[in-house]
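Residue-level listing of the chains:
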Amino acid sequence: QVQLVESGGGLVQTGGSLRLSCAASGRTFSSYAMGWFRQAPGKEREFVAAISVSGGSTYYADSVKGRFTISRDNAKNTVYLQMNSLKPEDTAVYYCAAAFLLSGSYYARSNYPYWGQGTQVTVSS
């Protein structure tokens, strides 16, 4: 089992940047595929980005491709989401998620059994 704690959210102006971090507990972090999801008020939680256990493969929602970058440091048990060129529509609570030895789709929320508590990102216009 793994526990996840997100940090790095906040208020930023349109066009600004933020870097989210997700620290994971446990000794088997390198066996977990990691994902970021977000949920805006009144909307479903949606996929943002994901990364394979080695970091060799990354996946992005079309809405963030070219602006966001996911990465991981297995020595630090941490996954990051670098968010650039932020837009008001990026405003949401951002959640980190983990899946042990994921064999299914990286995009499916249901494939991630472990979740953090979320961190708020607000982009002002």
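Quick note: structure is the one above.
Summary of the structure given here. All values derive from a computational prediction rather than experimental measurement. (Residues numbered from 1 in each chain as written. Predicted model: local features only at pLDDT ≥ 70, side-chain atom pairs only at ≥ 80, totals over all residues. Heavy atoms only, no water.)

**Brief notes about the side chain of Asn77**
Put simply, the rule is: Helix and strand definitions here come from DSSP, where helices need a minimum of 4 consecutive H or I residues and strands a minimum of 2 consecutive E residues; each element is numbered from the N-terminal end. Any two residues having at least one pair of non-hydrogen atoms within 4.5 Å are treated as being in contact.
Looking at the secondary structure, you find Asn77 in the loop between strand S7 (68-73) and strand S8 (78-83). When near neighbours in sequence (up to four residues on either side) are disregarded, Asn77 contacts Cys22, Ala23, Ala24, Ser25, Gly26 and Phe29.

**As for the pattern of salt bridges**
Using the following cut-off: Take a side-chain nitrogen of Lys or Arg and a carboxyl oxygen of Asp or Glu: if they are within 4 Å of each other, that pair is a salt bridge. Burial classes: relative accessible area under 20% of the type maximum marks a residue as buried, over 50% as exposed, and values in between as partly exposed (1.4 Å probe, protein chains only).
Counted according to the given criterion, the structure contains five salt bridges. Between Arg67 and Asp90 there is a salt bridge, and its shortest N-O distance comes to 2.8 Å. In this pair, Arg67 is assigned in the loop between strand S6 (58-60) and S7 and Asp90 in the loop between S8 and strand S9 (92-100), connecting sequence segments 23 residues apart. Residue Arg67 is classed as buried on the basis of its relative accessible area, which comes to 11%. When salt bridges with common partners are traced through the structure, they connect Arg38, Glu46, Arg67 and Asp90 into a single cluster.

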